[in-house]
Amino acid sequence: MIAVSIVLYNTLYQKVEALINGLLSCGSICHLYIIDNSATKTKIPIFDNRVEYIFNNKNIGFGAAHNIALLKSIQNKTKYHIIINPDIELEPIIIDDLKYFMEGNIHVGLVMPKVLYPNGEIQYLCKLLPTPFDWIFRRFLPLRKIVEKRNNRYELRDSGYNKIMNIPYLSGCFMFFRVHVLEEIGVFDESIFMYGEDTDITRRIHHKYETLFYPHVSIVHQHNKESYRNNRLLWIHIKSAFYYFNKWGWFFDKERRTINKKLLKDLSIR
């Protein structure tokens, strides 16, 4: 019923062993795709017939790698597909909790649980559709108070993160998809190598289905914000932002204004 894909890039098996074992302990998981974007094969012991290891021999990008598995799920008529980062920790029971929620809410195309840092603090991963300021200019603006105020609004922090919310931009660290929705609207845009592919796919699903934050279960994410410390990743982030805004609109994106305005109104955020 549920397929899962994990993309590796120079990741030691020991770093994902607990996650893999936990996922395979869940009876709802019918297939686990491990897609390896490393230059050399990661030593993954295949001990379960539900596991399929796919070695790409190069880094083809986050979305493109997950698409290999997503297209298999579409072809196999799998009902649900989860993409999950290798740095996630979870209790396997949450998979069934999310499945039951999706079974009872057929209008939902995508759901994401509450995401926590290892110290238990909330990661604010529910966001408005981004503007160029949110993705590019704020990184270089010295007025920290203005940036912080804008960022709090962009990340919907005043919502409390304590209720189900229909969000147009959910994080790619954990995405629980209804597969027939992906068959309808398409998989990840492979023109985005990394960063922003989750924004794009959530937005496309949000056109026709609900894309929900579901806070009644949680996972732990070792989120490092590497693009803030690595110039190469920062450049990849900026390139992705330029592609995204060329696709959807820079400063004149009427749909973005409409969606964001409605969400802020629904959440009573100014």
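It should be noted that the structure appears before, not after, this text.
Definitions and limits used
Residues numbered from 1 in each chain as written. Predicted model: local features only at pLDDT ≥ 70, side-chain atom pairs only at ≥ 80, totals over all residues. Heavy atoms only, no water. Helix = DSSP H or I, 4+ residues; strand = E, 2+ residues; numbered from the N terminus. Rg over C-alpha atoms; globule rule 2.2 N^0.38 Å. Buried < 20%, exposed > 50% of the residue type's maximum accessible area, 1.4 Å probe, protein only. Contact = heavy atoms within 4.5 Å. Areas by Shrake-Rupley, 256 points an atom, 1.4 Å probe, with all protein chains shown as cover. Pairing = 2+ DSSP bridges. Phe/Tyr/Trp six-rings, centres within 6.5 Å; stacked < 30°, edge-to-face > 60°. Axes fitted to C-alpha atoms, helices over the stretch in contact; angles between N-to-C directions. Parallel < 35°, antiparallel > 145°, perpendicular 65-115°, else oblique. Nonpolar A, V, L, I, M, F, W, Y, C, P; charged D, E, K, R; others polar. Expected span 1.5 Å × (residues − 1). Salt bridge = Lys/Arg side-chain N within 4 Å of Asp/Glu carboxyl O. Core = buried A, V, L, I, M, F, W, Y, C linked by side-chain atoms within 4.5 Å.

Caption draft 1: How the structure looks around the overall build of the chain. The helix and strand tally for the chain stands at 9 helices and 11 strands. Taken over the C-alpha trace, the chain has a radius of gyration of 18 Å; the compact-globule value for 270 residues is 18 Å, and the two agree within 12%. C-alpha extents for the chain along the principal axes are approximately 50 × 45 × 40 Å. Taking all 270 residues of the chain together, 56% fall into the buried category. A separation threshold of at least 6 residues defines the contact pool for the chain, and within that pool the share at least 24 residues apart is 76%. Carbon together with sulfur atoms contributes 53% to the accessible area of the chain, which is approximately 13,200 Å² in total.

Caption draft 2: Spotlight on the pairing of strand E6 (residues 108–116). The buried count for E6 comes to 9 of 9 residues, which makes it a mostly enclosed element. Across 8 bridges, the pairing between E6 and strand E11 (residues 210–221) is parallel. Following the sheet pairing, Leu116 is matched in E11 by Val220. Looking at chain direction, E6 and strand E10 (residues 174–178) are connected through 2 bridges and run antiparallel. Looking at E10, one finds that Val111 is bridged to Phe176.

Caption draft 3: Up close: the packing of aromatic side chains. Inspection of every chain in the model, using the stated rule, returns 14 aromatic pairs. Here the aromatic rings of Phe62 and Phe188 are separated by 6.1 Å at their centres, their planes lie at 70°, and the arrangement is edge-to-face. Placement of the pair is Phe62 in helix H2 (residues 62–75) and Phe188 in the loop between helix H6 (179–185) and helix H7 (197–206), with a sequence separation of 126 residues. The class for Phe188 is buried, based on a relative accessible area of 4%.

Caption draft 4: View of the packing of H7 against helix H8 (residues 231–248). Packing of H7 against H8 brings their axes to within 10 Å, and their N-to-C directions diverge by 25°. As the angle between them shows, H7 and H8 are arranged roughly parallel. Where H7 abuts H8, its residues Thr199, Asp200, Arg203 and Arg204 lie against Tyr244, Lys247 and Trp248. Grouping the amino acids of the contact of H7 with H8 by side-chain chemistry returns 2 nonpolar, 1 polar and 4 charged.

Caption draft 5: Seen up close, H8. For H8, spanning 18 residues, the distance from its first C-alpha to its last is 26 Å, which sits close to the expected 26 Å at 1.5 Å a residue. Inspection of H8 places Leu233, Leu234, Ile236, His237, Ile238, Ser240, Ala241, Tyr244, Phe245 and Trp248 among the buried residues, and these make up the whole buried set. Check the buried side of H8 and you find it contacts helix H4 (132–135), H7 and helix H9 (254–266). Of the residues flanking the end of H8, it is Gly249, one or two places downstream, whose phi is positive at about 120°.

Caption draft 6: Structural detail: the side chain of Thr11. Counting through the fold element by element, Thr11 comes out in the loop between strand E1 (2–8) and helix H1 (13–24). Setting aside residues no more than four positions away along its own chain, Thr11 makes contact with Val16, Ser38, Thr42 and Pro86.

Caption draft 7: Broad picture of unusual backbone geometry. Unlike most non-glycine residues, Asn57 shows phi in positive territory, near 70°. Residue placement: Asn57 occurs in the loop between strand E3 (51–55) and H2. In this structure, Tyr195 takes a positive phi of about 75° despite not being glycine. Tracing the backbone through its elements, the reader meets Tyr195 in the loop between H6 and H7.

Caption draft 8: Looking closely at the pattern of salt bridges. In this structure the tally under the stated criterion is 15 salt bridges. Between Glu255 and Arg203 there is a salt bridge, with the nearest N and O atoms lying 2.8 Å from each other. Taken together, the residues span a long stretch of sequence, with Glu255 in helix H9 and Arg203 in helix H7 at a distance of 52 residues. In this structure, Arg256 engages Asp253 in a salt bridge whose closest nitrogen and oxygen atoms are separated by 3.9 Å. You'll find Arg256 and Asp253 in the same group, each marked buried. Several salt bridges share partner residues, and in doing so they unite Asp189, Asp200, Arg204 and Lys247 into one network.

Caption draft 9: Region of interest: the side chain of Asn85. Turning to its location among the elements, Asn85 is positioned in the loop between strand E4 (80–84) and strand E5 (88–89). Taking relative accessible area as the criterion, Asn85 reaches 16% and is therefore assigned buried. Setting aside its immediate chain neighbours within four residues, Asn85 contacts Leu19, Phe62, Gly172, Cys173 and His221.

Caption draft 10: Up close: the nonpolar core. Residues Ile84, Phe174 and Phe177 are the most contacted members of the largest nonpolar core, which totals 76 residues. Of the residues forming this core, the biggest block, 6 residues, is contributed by H1.

The values reported here are purely geometric and, on their own, carry no functional implication.
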